Structures are given as structure tokens and as C-alpha cells.
Amino acid sequence: MKKMHRVRDILTGALAMALVFALASPAGAALAGKTIQVLTGVDIYVDGVEMKPTDANGKPVDTFVYNGTTYVPLRAVSQYLGKAVSYDGKNQRVYIGEAPGMKQYLLTVCPPYQTSSVEMPATLEMGGKKYANVMKCIHGQMDATALFNLNGQYKTLSFDMGHEDGGDSWGEGQVDIYLDGELAFSADMSWDELPKHFEVDIHNALQMKIVLNGGSHAIADIQVY
């Protein structure tokens, strides 16, 4: 049974209360609080699958109806659609997908749906520099594979490749990138080279497979745009 509740629709910097349909206010105007009466208990489905919206901390949040309009947490909808959400508090703007000066890290906005012998540590060092957003082989393995559903949303993949500091000092490392089943990029390097930066055209690709060969080599700072 639907229940009447009083809800304060204040947009916070963390976007926990951001809504798909915001109450209109002039551009650049200061945000203001407003008390409203709403109907809760609305179920939302995306392509036939029920969406269970949560906030940035994974806690469930309500959807509701106000004056005949359904309000849904913006972050939850964007995540179901594979888009990142960011908030520009200075200019009071919400960005879905790309934002000016914003970096989109592959492992955050489009994590792999299947992996084999892949490790994704928080950070590692290559060439004396600390990197984040890392993908490498599990220790003791010589190759790793990760599959990504890009859904044609991205144009370019960029990353740095190198040998992990303190890793086995022998052999070469190699990365192969397949787009929709076809080899689109391949690069290799020896253990004593400094990290190298690469950019790969992934325009319109639906599926991407990344294959890493060489147990102590890794790719890091993996971005898409």
C-alpha cells in the first residue's frame, strides 16, 4: 500500500538526493529547501529488470511520485545505464557521462563482467611512480583476460603499461586488445623499460577483451572517453 510521506528535496554535494526531474529553478540560482507531499512505493524497471536504487554508499533509497511526475535517484539510474555521475558544486551542475575535465576510469564506469587470472589492486608502482586503476595478472600466472561490455559508448581507451617494481626481472610483457572479436591493438615491452602510454581507438565497439601476457607487467590509469 502506498503511503504519504513528507520529504525534503535538498540536493547535496554527494548527489544522494539528486533527482532525474529536478524542481525547476533559474540557472545559477542558489539551491533552496522545500517541503512537499509525495507518494512512495513505486517500482522501476530497466529493460524488464527491476531496479533497486541505492545511494553512493549502497543504501536503498526511495522513488516517489509528486504532482504526477515520478522521481528517481539520478545516480542509480545512471549506473544502470552505464554512465558516471558527477556534481559541480561551484556551478550547481550535474553531469551524466562525460564532464569537462573529468576522467572516466574504465574499471569504475565499466567494470569487467568476466575475468580470468586478473588482479585489480588499488595501487602499484611502475618505474618508480605510483599508479591507480590497475589491472594485472594474479601472482604466479603468466596471462590474464578481462571482458568488458562497452555497448558502443566510448571512443578512446588510454592506459600506461609497464613492469611492476619489484616483480620478476625477466621476459617481456604484452597486451592484446580485441574489439568485437577482432585484434585491434597489440604492444609489448621488456622488464627494464619505463612505462609507456598508449591510446586505442575503440569507437562503436560493443565488446572489448583485454589480454595481458607476462606475469609482472600491468596496465594502469586505464581511462575511457
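Conventions adopted
Residues numbered from 1 in each chain as written. Predicted model: local features only at pLDDT ≥ 70, side-chain atom pairs only at ≥ 80, totals over all residues. Heavy atoms only, no water. Pairing = 2+ DSSP bridges. Helix = DSSP H or I, 4+ residues; strand = E, 2+ residues; numbered from the N terminus. Core = buried A, V, L, I, M, F, W, Y, C linked by side-chain atoms within 4.5 Å. Buried < 20%, exposed > 50% of the residue type's maximum accessible area, 1.4 Å probe, protein only. Phe/Tyr/Trp six-rings, centres within 6.5 Å; stacked < 30°, edge-to-face > 60°. Axes fitted to C-alpha atoms, helices over the stretch in contact; angles between N-to-C directions. pLDDT = per-residue confidence, 0-100. Contact = heavy atoms within 4.5 Å. Salt bridge = Lys/Arg side-chain N within 4 Å of Asp/Glu carboxyl O.

Draft legend 1. Just the sheet that holds strand 15 (residues 156-163), in detail. The five strands lie next to each other as 10-13-20-15-18, forming an open sheet whose pairing is antiparallel. Where the open sheet ends on each side, the last strands, each with one partner, are strand 10 (118-119) and strand 18 (196-201). Across six bridges, the pairing between strand 15 and strand 18 is antiparallel. Its bridge partner being in strand 18, Leu 157 is matched across the sheet by Val 200.

Draft legend 2. Local environment of the nonpolar core. In this structure, Leu 106, Phe 148, Leu 157, Phe 159, Val 175, Ile 177 and Met 208 are the most contacted members of the largest nonpolar core, which totals 31 residues. Listed in part, the six residues of the second largest apolar core include Leu 124, Val 134, Ala 218 and Ala 220.

Draft legend 3. The packing of aromatic side chains, seen in detail. Tallied over the entire structure, the rule returns five aromatic pairs. With centroids separated by 5.5 Å and ring planes inclined at 65°, the aromatic side chains of Phe 185 and Phe 198 adopt a geometry described as edge-to-face. Placement of the pair is Phe 185 in strand 17 (residues 182-190) and Phe 198 in strand 18, with a sequence separation of 13 residues. According to the relative accessible area criterion, Phe 198 is buried, its value standing at 15%. An aromatic cluster is present here, built from Phe 64, Tyr 66 and Tyr 71 joined pairwise through their rings.

Draft legend 4. Structural view of the sheet that holds strand 9 (residues 114-116). With respect to topology, five strands assemble into an open sheet ordered 9-14-19-16-17, the strand pairing being antiparallel. Of all the strands in the sheet, just strand 9 and strand 17 have a single pairing partner and so form its edges. Averaged over all pairs of adjacent strands, the angle between strand axes in this sheet comes to 10°, irrespective of strand direction.

Draft legend 5. Quick peek at the confidence of the model for the chain. Mean pLDDT over the chain: 81, with 82% of residues reaching 70 or higher. Taking the mean pLDDT of every element in the chain, the minimum, 37, falls on strand 1 (residues 4-8) and the maximum, 97, on strand 18. Below pLDDT 50 for its whole length, residues 1-25 participates in 59 contacts with residues either more than four positions away or in separate chains.

Draft legend 6. Structural detail: the environment of Phe 198. In this structure, the C-alpha to C-alpha distance between Phe 198 and Phe 159, residues 39 residues apart in sequence, is 5.6 Å. The residues touching Phe 198, leaving out its near neighbours within four places in the chain, are Leu 157, Ser 158, Phe 159, Met 161, Phe 185 and Ala 187.

Draft legend 7. Structural view of the side chain of Thr 156. Considering the arrangement of structural elements, one finds Thr 156 in strand 15. On the basis of relative accessible area, Thr 156 is assigned to the buried category, the value being 17%. Sequence-distant contacts of Thr 156, that is, excluding residues within four places in its chain, are made with Glu 199, Val 200, Ile 202, Gln 223, Val 224 and Tyr 225.

Draft legend 8. Expanded view of unusual backbone geometry. Of note, the phi angle at Asn 133 is positive, near 55°, even though the residue is not glycine. Mapping Asn 133 onto the fold places it in the loop between strand 12 (129-132) and strand 13 (135-137). For Asn 133, a relative accessible area of 19% corresponds to the buried category. Of note in this structure, Asn 151 is not a glycine but carries a positive phi near 60°. On the secondary structure map, Asn 151 appears in the loop between strand 14 (143-149) and strand 15.

Draft legend 9. Molecular detail of the pattern of salt bridges. Overall, the coordinates contain three salt bridges when judged by the stated rule. The partner of Lys 52 in a salt bridge is Glu 50, and the shortest N-O contact between them spans 3.6 Å. Relative accessible area serves as the criterion here: at 31%, Glu 50 is assigned to the partly exposed category. Between Glu 193 and Lys 196 there is a salt bridge, and its shortest N-O distance comes to 2.9 Å. Residue Glu 193 is classed as partly exposed on the basis of its relative accessible area, which comes to 29%. Judged by relative accessible area, which is 32%, Lys 196 ranks as partly exposed.

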